[in-house]
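Residues per chain are reported as follows:
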Amino acid sequence: MKKKREVSDKEIQVAKDALERYSGSPAEDYCDYVLLTNFPKYVDYFSKTKKVDMHEGSMFTAAHCKKTNISILDFKIGSPSAALVVDLCSYLPIKACLLLGMCGGLRRRYKKGEYLIPIAAIRGEGTSDYYFPIEVPALSNFLVQRAVSEVLDEEKATYHVGITHTTNKRFWEFDEHFKDRLKANRSQAIEMECATLFAGSYRRKLPLGALLLISDLPLNEEDIKTKASSEEVFEKFTEDHVEKGIRIIHQLKKLQENRSRGAYRPDVSKIETEDPTK
């Protein structure tokens, strides 16, 4: 049976100090709900439309809107950064997080600008091994994803539901062996953070889900993301993606207020002491 221990004041303070140093904003500024993203453009849009300051630290950028009780945090790219942000946020009384990320669509029928709701992620990145043994799946929080699907259905948005492959290998588009692996595991999309965020948040008991925008179709050489196509995606879809994220958070608040299944966030002062990978 796993033992519990009280988290020391020193541990909490070190975590808060790190978050403040990396994000450039005080820990007490963080709202109950946090939009996580990989894009400073999203933080800039949120800051301008909500008329709040944008903060930049040594690694992250962030903005906080007390009126809506939502913060947004750009934690950059990759699974190590994803692990760092979920660990640090777990020391705050945050009620839930939603990732607004992008992914490469791995189905011919997908189109750029459509959305994907990842119910699970293949742990191909390695970082999630810190949280759980390899046989434990990386699942998104059901309640958060329920809020995502309800908003997308209400808006009649085109979206897909499936499994994403999380990798640390960024430049893989011309690696035929890697592409064969993607086809064999039948993942619907590929990105670099979901498995880490899902495993880490489950370990830390922090409700977390994701809304992914299909930004490219990398199995088709003509549709691999370029500098120009990336800028086009930001120009066309930033507003819609961020605004959908905000509406999802409002829907999630209602679900949590009604104490729907999956809404519970336990006391953050207790954590497991044993190594979960042993």
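Please refer to the structure placed before this passage.
In this text the structure is predicted, and so the values were computed from the model without any measurement. (Residues numbered from 1 in each chain as written. Predicted model: local features only at pLDDT ≥ 70, side-chain atom pairs only at ≥ 80, totals over all residues. Heavy atoms only, no water.)

K.L.:
Before we go on, may I ask you to explain helix 6 (residues 194–204) in this structure?
P.N.:
Because each turn of an α-helix spans 3.6 residues, side chains separated by three or four positions end up pointing in the same direction. Counted residue by residue, helix 6 has nine buried out of 11 residues, so it is predominantly covered. Looking at helix 6, one finds that the buried residues are Cys-194, Ala-195, Thr-196, Leu-197, Phe-198, Ala-199, Gly-200, Ser-201 and Arg-203. Positive phi shows up at Lys-205, right after helix 6, with a value of about 60°. (Buried < 20%, exposed > 50% of the residue type's maximum accessible area, 1.4 Å probe, protein only. Helix = DSSP H or I, 4+ residues; strand = E, 2+ residues; numbered from the N terminus.)

K.L.:
For this particular structure, what's the right way to read the pattern of salt bridges?
P.N.:
Once their charged atoms are close, side chains differing in charge can pair, the charge on each being opposite to the other. Summed over the entire model, instances satisfying the criterion amount to 14 salt bridges. Salt-bridge contacts for Glu-232 lead to Lys-236; the nearest nitrogen and oxygen are separated by 3.1 Å. One end of the pair is Glu-232 and the other is Lys-236, both in helix 7 (residues 227–257) and four residues apart, which spans about a single turn. Taking the relative accessible area as the measure of exposure, Glu-232 reaches 36% and is therefore partly exposed. (Salt bridge = Lys/Arg side-chain N within 4 Å of Asp/Glu carboxyl O.)

K.L.:
Would you explain the pairing of strand 6 (residues 96–105) in this entry?
P.N.:
Across a regular strand the side chains alternate sides, sitting on one face of the sheet and then on the other. Counting buried positions along strand 6 yields 10 of 10 residues, so the element is predominantly enclosed. With eight bridges connecting them, strand 6 and strand 11 (residues 208–216) associate as parallel partners. By the bridge assignment for strand 11, Met-102 is matched with Leu-213. Examined bridge by bridge, strand 6 and strand 10 (residues 189–191) share two bridges and lie antiparallel to one another. Note on strand 10: the bridge partner recorded for Gly-105 is Ala-189. (Pairing = 2+ DSSP bridges.)

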